[in-house]
Amino acid sequence: MSPEPQRKLSSSAGVAPAAAPSYRPATCTPPGAWRGAGYGQPFGATERTDTWWLMPLAQALGLGLLGLYATWAAFQGAHYEFGNYLSPFYSPLLKPAWWPISPAFLILWIPAGFRGTCYYYRKAYYRAFFADPSACAVGEPRKGYRGEVGFPWAIQNLHRYFMYFASILLVFLWWDVIRAFIFTDPDGSHYLAIGGGTLAILASNALLTMYSLSCHSLRHLVGGKLDCFSCAVAGGPRHGAWSRLSALNAHHMGYAWWSLFAVCFADFYVRMCSMGVFHDPMFVTFRHLFDYAPKISHFLL
Ligand code: FES
């Protein structure tokens, strides 16, 4: 495929938009050509007649509300545990004596960095909070575009490293899921059961895992940078893994939202139980399972 030598930035930065011609614009228009209504138009001007504003509005509300809740919960520094349940915002629980504020902040920089630099969330919050642009073919408040090459947006390039840290965090979160199945009697004996908190923590972590597995950076790491799988070391297994991750990646937006909601709900549930607002229902109990292997419970707890 022949390159387009005249293209530098896809935004045509610094090039004044041309007057609208009589023909419909094609994709990959060169700088200076008419790029369609929206670019270079006054903020909000568009020829679109659909409800293009609905998506950025919903994203702003969703991200704003869940982000505010997560920030509030992190600052509390209390009510993050209830029996064998631990809020995912505080896992793994680190409480060094020298740390003056909520222990959540020792951990939350990882998921915050992971989500903040996520390719999907970038699209969502650039549109929802910066109107950059609000939607396709809608006039934006700026006339120039520098991409993500300068500070602070260059930080977005750290996404892969946040993914490595977030993957480590998942191990601790699955440990919390196991602990959420193990309850303790007043006499100190343990038993297996499924309570409301067990399901909330399990759902939260399952969706967080799907969100991580569908990450664009992980997909690229596994096989995205290869031109030829059969020429690469372990090309067959890598192609299989890449294909499966690609299938998950197609639903990354859904996992991003469901996991964000689920992790906030898991914290909310544990918090409400700890504050005595919710009564944690017990759905299934396997009371004598540990009678045969008491060492298992001591190892797990
Ligand atoms: S691209 Fe969204 S988590 Fe990596």
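Residues numbered from 1 in each chain as written. Predicted model: local features only at pLDDT ≥ 70, side-chain atom pairs only at ≥ 80, totals over all residues.

A word on the sheet that holds strand β3 (residues 182–184). A sheet is described by the order of its strands in space; here three strands give the open sequence β3-β4-β5, paired in antiparallel fashion. Either end of the sheet is taken by a strand with one partner, and the two such strands are β3 and β5 (282–286). On average, adjacent strands in this sheet sit at an angle of 45 degrees to one another, irrespective of strand direction. Where β3 lies against strand β4 (residues 190–195), three bridges are found, and the strand directions are antiparallel. In the sheet register, threonine 184 faces β4, and the bridge partner there is histidine 190. (Pairing = 2+ DSSP bridges. Helix = DSSP H or I, 4+ residues; strand = E, 2+ residues; numbered from the N terminus. Axes fitted to C-alpha atoms, helices over the stretch in contact; angles between N-to-C directions.)

Bringing unusual backbone geometry into the picture now. Cis geometry marks the peptide bond from serine 91 to proline 92, where omega comes out at -5 degrees. With respect to the helices and strands, proline 92 occurs in the loop between β2 (85–86) and α2 (109–116). A cis geometry characterises the amide bond from phenylalanine 151 onward to proline 152, with omega recorded as 0 degrees. Relative to the elements of secondary structure, proline 152 occurs in the loop between α3 (119–130) and α4 (159–179). At histidine 79, a position not held by glycine, the phi torsion is positive, near 60 degrees. The class of histidine 79 is partly exposed, set by 18 C-beta atoms lying within 10 Å. Even without being glycine, alanine 234 reaches a positive phi, approximately 55 degrees. Mapped onto the fold, alanine 234 is located in the loop between α6 (216–224) and α7 (235–249). (Buried ≥ 20, exposed ≤ 12 C-beta atoms within 10 Å, placed from the backbone.)

A few words on the environment of asparagine 249. Among the structural elements, asparagine 249 can be located in helix α7. Along the chain, asparagine 249 and histidine 216 lie 33 residues apart, while their C-alpha atoms are 6.6 Å from each other. Setting aside anything within four residues of it in sequence, one finds asparagine 249 in contact with Ser214, His216 and Arg219. (Contact = placed C-beta atoms within 7 Å.)

On to helix α8 (residues 252–274). The end-to-end C-alpha distance of α8 is 33 Å, a good match for the 33 Å that 23 residues give at a rise of 1.5 Å each. Note on α8: the residue one or two positions beyond its end, glycine 276, has a positive phi of about 80 degrees. (Expected span 1.5 Å × (residues − 1).)

Right, let's talk about the packing of α4 against helix α5 (residues 196–213) for a bit. The geometry of a pair of packed helices is captured by two quantities: the angle between their axes and the separation between those axes. At a closest axis distance of 10 Å, the pairing of α4 and α5 adopts a crossing angle of 160 degrees. On the basis of their axis angle, the class for α4 and α5 is roughly antiparallel. Note that α4 runs across α5; the crossing there is left-handed. Mapping the contact onto sequence places Ala166, Ser167, Leu170, Leu173, Trp174, Asp176 and Val177 in α4 and Ile201, Leu202, Asn205, Leu208, Thr209 and Ser212 in α5. Looking at side-chain class alone, the contact of α4 with α5 contains eight nonpolar, four polar and one charged residues. (Parallel < 35°, antiparallel > 145°, perpendicular 65-115°, else oblique. Left-handed = near helix turned anticlockwise from the far one by under 90°. Nonpolar A, V, L, I, M, F, W, Y, C, P; charged D, E, K, R; others polar.)

Glancing now at helix α1 (residues 54–76). Each α-helix winds once per 3.6 residues, and so residues spaced three or four apart point in a common direction. Its 23 residues give α1 an end-to-end C-alpha distance of 33 Å, which sits within 8% of 33 Å, the value for a rise of 1.5 Å per residue. Considering only its buried residues, α1 is in contact with α3 and α8.

Moving on, we come to the nonpolar core. Residues Tyr85, Phe89, Ala266 and Val270 are the most contacted members of the largest nonpolar core, which totals 41 residues. When residues of this core are traced back to their parent elements, those giving at least two are α1, β2, α3, α4, α5, α7 and α8. Among the elements that line this core, the one with the most residues is α8, at 10 residues. (Core = buried A, V, L, I, M, F, W, Y, C linked by C-beta atoms within 7 Å.)

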